[in-house]
Amino acid sequence: KAGVTQTPRYLIKTRGQQVTLSCSPISGHRSVSWYQQTPGQGLQFLFEYFSETQRNKGNFPGRFSGRQFSNSRSEMNVSTLELGDSALYLCASSLVENTEAFFGQGTRLTVV
Amino acid sequence: GENVEQHPSTLSVQEGDSAVIKCTYSDSASNYFPWYKQELGKRPQLIIDIRSNVGEKKDQRIAVTLNKTAKHFSLHITETQPEDSAVYFCAAIYGGATNKLIFGTGTLLAVQP
């Protein structure tokens, strides 16, 4: 069974640009969550999607957005990039609520 | 607010000793508490989890205890080995029927051979 797949693995962007990250969950998983990981702030929840609907949103500015498609694949978008957006972005998929979240390998975003 | 506190931030033990990491959560409605291990450059991986209707769970050298009244849960690793060296995160589900995980700040465990 394939795990959670995130693409691309690495990205370098310039301040002011926008970026789209992709996440393919484990087959059959309908819940996809996104997290930002930085050395200073640890793992912070961005948002969760379930059956194409955003179910929860973390405390991030509106520049961070996402969506989920009918096949459960999810994308997150960050517009008007800032230096502080440099981080490892992890997505996780779960089968149902309150169960194990399986993480992808992450996308390392560097904003210069 | 939604918060999980984790202590200590770093922990160094000798091979064969035990290690204990403690977490406190704030939402009394939380009912699922996973622990993740993250090795350098790798993704977080679940090592053990516990639900609110259970006070303790054990899996070989790893155990987790939960005190719902005090809103505390702890990870216990016995007979530590060098390969246990990693960052460990506790987490709690917030918001009822959801998979929104609030993570602790992590504990860097170093097992000295």
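All values reported here derive from a predicted model rather than from experimental measurement. Every residue gets a number counted from 1 within its own chain, in the order that chain's sequence is written. Lettering for chains starts from A, numbering for ligands starts from 1, and both go in the order in which the items are written. Owing to the predicted nature of the model, reporting of local features is limited to residues with pLDDT of at least 70; listing and counting of side-chain atom pairs is limited to 80 or more, with chain, interface and lining totals taken over all residues. Based on all heavy atoms of the structure, the side-chain values leave hydrogens and waters out of the count.

**Student:** Outline the sheet that holds strand S1 (residues 5-7) of chain A, supporting the account with residue identities and numerical values.
**Tutor:** Working definition: the strands of a sheet are paired by backbone hydrogen bonds and lie parallel or antiparallel to each other. All names here are of chain A. We call two strands paired when DSSP finds no fewer than two bridges between them. Numbering of helices and strands runs from the N terminus, with a helix taken as a DSSP run of H or I at least four residues long and a strand as a DSSP run of E at least two residues long. Taken in spatial order, the four strands of this open sheet run S1-S3-S8-S7, and their pairing is antiparallel. Among the strands making up the open sheet, the edge pair consists of S1 and strand S7 (64-68). Neighbour-to-neighbour, the strand axes of the sheet open up by a mean angle of 20°, direction not taken into account. Two strands pair when backbone bridges link them, and S1 and strand S3 (residues 19-24) are joined in this way by three bridges, in the antiparallel orientation. Bridged to Thr7 within S3 is Ser22. Simply put, an axis is a line fit to the C-alpha atoms, just over the touching stretch for a helix, and the angle between two N-to-C directions goes from 0 to 180 degrees.

**Student:** Requested: an account of the interface of chain B and chain A, with residues and values cited.
**Tutor:** At the junction of the two partners, chain B supplies 17 residues and chain A supplies 22 residues. Both faces combined, the contact of chain B with chain A buries some 1,800 Å², and carbon together with sulfur accounts for 48% of it. Polar contacts, as used here, are pairs of N or O atoms within 3.5 Å; protein pairs need one atom able to donate a hydrogen and one able to accept it. Residues neighboring in sequence count only if both atoms are side-chain atoms. The interface formed by chain B and chain A includes nine residue pairs in polar contact (both at pLDDT 80 or more). Elements represented by at least two residues in the side of chain B that touches chain A include exactly strand S4 (32-38), strand S5 (45-51), strand S9 (86-93) and strand S10 (101-103) of chain B. When residues of the side of chain B that touches chain A are assigned to their parent elements, the largest contribution, three residues, is made by S4 of chain B. Its residues assigned to classes, the side of chain B that touches chain A shows nine nonpolar, five polar and three charged. Any two residues whose heavy atoms approach within 4.5 Å at even a single point are treated as in contact. Reported buried area values correspond to the accessible surface (1.4 Å probe) lost by two parts on association, with both partners' losses combined. Each residue is assigned to one class: nonpolar for Ala, Val, Leu, Ile, Met, Phe, Trp, Tyr, Cys and Pro, charged for Asp, Glu, Lys and Arg, and polar for all the others, Gly among them.

**Student:** A description of the sheet that holds strand S6 (residues 56-59) of chain B should follow, citing residues and the corresponding values.
**Tutor:** Residue and element names in this part refer to chain B. Ordered in space as S1-S3-S8-S7-S6, the five strands form an open sheet in which the pairing is antiparallel. Only two strands of the sheet have a single partner each, and these edge strands are strand S1 (4-7) and S6. Adjacent strand axes in the sheet meet at a mean angle of 15° when their direction is disregarded. Note that strand S3 (residues 19-25) and strand S8 (residues 72-77) share six bridges and pair antiparallel. Bridge pairing in S8 places Lys22 opposite Ser74.

**Student:** Outline unusual backbone geometry, supporting the account with residue identities and numerical values.
**Tutor:** Residue Pro8 of chain A is bonded to the preceding Thr7 of chain A through a cis peptide linkage, with omega at -10°. Structurally, the position occupied by Pro8 of chain A is in the loop between S1 and strand S2 (10-13). At the junction of His7 of chain B and Pro8 of chain B, the peptide bond is cis and its omega measures out at -5° in the coordinates. Its location among the elements puts Pro8 of chain B in the loop between S1 and strand S2 (10-14). Even without being a glycine, Glu79 of chain B presents a positive backbone phi close to 45°. Residue position: Glu79 of chain B is located in the loop between S8 and S9.

**Student:** Can you break down the state of the cysteines residue by residue, with the values?
**Tutor:** The term disulfide is used for any two cysteine sulfur atoms that are within 2.5 Å. In this structure the tally under the stated criterion is two disulfides over all chains. Between Cys23 of chain A and Cys91 of chain A runs a disulfide, and the two sulfur atoms are separated by 1.8 Å. Where Cys23 of chain A bonds to Cys91 of chain A through sulfur, the torsion about that S-S bond is close to 55°, and the disulfide is right-handed. Here Cys91 of chain A lies in strand S9 (residues 87-94) and Cys23 of chain A lies in strand S3, a separation of 68 residues in the sequence. Both residues of the pair, Cys23 of chain A and Cys91 of chain A, belong to the buried class. Each sulfur in the disulfide pair Cys23 of chain B and Cys90 of chain B lies 2.0 Å from the other. Judged by the torsion about the S-S bond (-100°), the Cys23 of chain B/Cys90 of chain B disulfide is left-handed. Of this pair, Cys23 of chain B sits in strand S3 while Cys90 of chain B sits in strand S9, and the two are 67 residues apart along the sequence. Neither Cys23 of chain B nor Cys90 of chain B differs from the other in exposure class; each is buried. Exposure is judged per residue with a 1.4 Å probe applied to protein chains only, and the accessible area is read against the type maximum: over 50% gives exposed, under 20% gives buried, and values in between give partly exposed.

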